[in-house]
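Residue-level structure breakdown
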Amino acid sequence: MAHIRIPRPWEISEREATPESAFMTRRRFLAGSLLATVATAGLVSGCSPPPANDAPPLSDIEKKIYPAPRNNAYSLDRDLTDEAVAAGYNNFYEFSDAKEDVRTLARRLIQRPWAVEISGLVGKPRTFDIDDLLKTLPMEERLYRLRCVEAWSMAVPWTGFPLRALLEKVEPGSRATHVRMTTFYRPFQAFGQLAFWEPWPYTEGLTLPEAMNELTFMAVGVYGHPLPAQHGAPIRLVVPWKYGYKSIKSVVKIELIDHAPSTFWNTVDPLEYDFTANVDPKVPHPRWPQSREKMIGTEQVRLTLPYNGYGREVAHLYGG
Ligand SMILES: Nc1nc2c(c(=O)[nH]1)N[C@H]1C(S)=C(S)[C@@H](COP(=O)(O)O)O[C@H]1N2
Ligand SMILES: [Mo]
């Protein structure tokens, strides 16, 4: 009898190993020569040359923040991911759909001045300068797991503050039910945004109770220093019980609204990326098995936990 080799559940097949953007990549390939031409022209003409290194010296404001006190309410069941591994394997489609290239390309992002507008159904709409935010809000460090829908995961120390602390400053109105966040739109710093057929700028959303949950975090730093561009500098969302695509990077706008907003990935492919996107090992994804995950760096395979292990904090939001 012929020996048939049955793949183990954690052996990820070729088809499954395609990136989050497989759908987009096909179309990017077709338009690739156009994109490449424009991107190369931008590089050659030398607009906004990238700074030489990843970590510019700390500003006076940043010197007061780092290292931020660790909030020990959030501990891990696993080792932290190596910093260099986390910094070299990034989904940030504004810059590239190749994770290994994002780090270099994201150096083009101009990070100052940086304004964060908070508007919509709020009593006191405001636009904050990022440095004012850094001075105003008490910063802490939290160790969180992050689970990407592509079935890999990492564990990293974020520095920042709960989103709730920021929302309370603008006084959410009683009609607000959801929060919509938006990333910058700068196609000449972020060549991925030249793909005009994709729904740029990147947007994401949460329900208001999700946004006000204690776990929902705005990160301005990682591994004890300001976010490098590829992690979503200068400020990004972190919702650790949801798939990574909810944790929108480089936020410029936060709006309180009275409906569920459309979002980037949900618009690209609603069947693959739902709005709620809670980590759930029992709900299979069309391309990636969701019962297991591989830690980047160590390649350790672990069982994926419901709500990514944060059920105690958030299951009540979903009647659980
Ligand atoms: N603006 C923006 N935010 C984004 C993304 C993106 O492409 N653009 N990718 C998301 C995805 S799919 C993941 S897994 C995480 C990765 O975060 P990290 O690079 O800091 O690990 O960022 C999320 N936030
Ligand atoms: Mo992701």
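Report follows, based on the coordinates. Bear in mind that the values here come from a model prediction, so they are computed numbers and not experimental data.

Quick notes on the overall build of the chain
- Check the secondary structure of the chain and you find 10 helices and 12 strands.
- Counting across all 320 residues of the chain, residues that qualify as buried make up 51%.
- When contacts within the chain are restricted to residue pairs at least 6 apart in sequence, those whose partners lie at least 24 apart make up 73%.
- In the structure as shown, the chain presents an accessible area of about 14,800 Å², 58% of it carried by carbon and sulfur atoms.

Side note on the pattern of salt bridges
- Scanning the model with the defined rule gives 22 salt bridges in all.
- Among the ionic pairs, Glu 150 bridges to Lys 99, the shortest N-O distance being 3.0 Å. Here Glu 150 is found in the loop between β3 (140–147) and β4 (152–162), whereas its partner Lys 99 is found in helix α5 (residues 99–105), with 51 residues between them in sequence.
- Here Asp 132 and Lys 135 are joined by a salt bridge, their closest N and O atoms 3.8 Å apart. One end of the pair, Asp 132, and the other, Lys 135, are both in helix α6 (residues 130–136), 3 residues apart, so they sit about a helical turn from each other.
- Classification of Asp 132 as partly exposed rests on a relative accessible area of 37%.
- Lys 135 gets classed as exposed once you look at its relative accessible area, which sits at 57%.
- Sharing partners across several salt bridges, the network here consists of Asp 77, Arg 78, Arg 145, Arg 147, Glu 293 and Arg 302.

Quick notes on the nonpolar core
- Grouped together as the largest cluster of nonpolar side chains are 80 residues, with contacts concentrated most on Trp 158, Met 181, Met 218, Ile 235 and Ile 254.
- Those residues in contact with Ile 235 that sit more than four places away from it in its chain are Trp 114, Val 116, Ile 130, Leu 133, Phe 161, Met 218, Ala 219, Val 220, Leu 227, Lys 249, Ser 250 and Val 251.

Describing the sheet that holds strand β1 (residues 115–120)
- On the basis of which strands lie adjacent, the open sheet formed by 5 strands has the order β2-β1-β10-β5-β6 and mixed pairing. Bordering the open sheet on either side are β2 (126–129) and β6 (203–207), each of which pairs with just one other strand. In this sheet, neighbouring strand axes are inclined to one another by 15° on average, regardless of whether the strands run parallel or antiparallel.
- In terms of strand pairing, β1 meets β2 through 4 bridges, oriented antiparallel. The partner of Ala 115 across the bridge, within β2, is Asp 129.

What to know about the site of ligand 1
- For ligand 1, the set of nearby residues contains 19 residues, the closest of which are Asn 90, Tyr 93, Glu 94, His 231 and Lys 249.
- Contact between ligand 1 and Thr 183: a nitrogen atom at 3.0 Å from a side-chain N or O atom of the residue.
- A distance of 2.6 Å separates an oxygen atom of ligand 1 from a polar side-chain atom of Lys 249.
- Contact with the protein chains covers 100% of the free accessible surface of ligand 1, which is 540 Å².
- In this structure the site holding ligand 1 corresponds to the largest cavity.
- Taken together, the residues of the shell around ligand 1 break down into 8 nonpolar, 7 polar and 4 charged.

Structural notes on empty space enclosed by the protein
- Throughout the structure, instances matching the rule amount to 3 cavities of 30 Å³ or more.
- Quantified by volume, the largest cavity comes out at close to 300 Å³.
- What lines the largest cavity is a set of 23 residues, among which Asn 91, Arg 236, Gly 244, Ser 247 and Lys 249 lie closest to the centre.
- Per-element accounting of the lining of the largest cavity gives the leading share, 3 residues, to β4.
- Each residue belonging to the lining of the largest cavity can be placed in one class, and the counts come to 13 nonpolar, 6 polar and 4 charged.

Procedures and definitions
Residues numbered from 1 in each chain as written. Chains lettered and ligands numbered in written order. Predicted model: local features only at pLDDT ≥ 70, side-chain atom pairs only at ≥ 80, totals over all residues. Heavy atoms only, no water. Helix = DSSP H or I, 4+ residues; strand = E, 2+ residues; numbered from the N terminus. Buried < 20%, exposed > 50% of the residue type's maximum accessible area, 1.4 Å probe, protein only. Contact = heavy atoms within 4.5 Å. Areas by Shrake-Rupley, 256 points an atom, 1.4 Å probe, with all protein chains shown as cover. Salt bridge = Lys/Arg side-chain N within 4 Å of Asp/Glu carboxyl O. Core = buried A, V, L, I, M, F, W, Y, C linked by side-chain atoms within 4.5 Å. Pairing = 2+ DSSP bridges. Axes fitted to C-alpha atoms, helices over the stretch in contact; angles between N-to-C directions. Near = heavy atom within 4 Å. Polar contact = N/O pair within 3.5 Å; in protein donor to acceptor, adjacent residues only side chain to side chain. 1 Å grid on protein atoms, 1.4 Å probe; cavity = no way out; pocket = protein on both sides within 12 Å on 5 of 7 lines; lining within 4 Å. Sits in = over half its atoms within 2 Å of the grid points. Nonpolar A, V, L, I, M, F, W, Y, C, P; charged D, E, K, R; others polar. Points joined across faces, edges and corners; volume = space filled by probe spheres on them.

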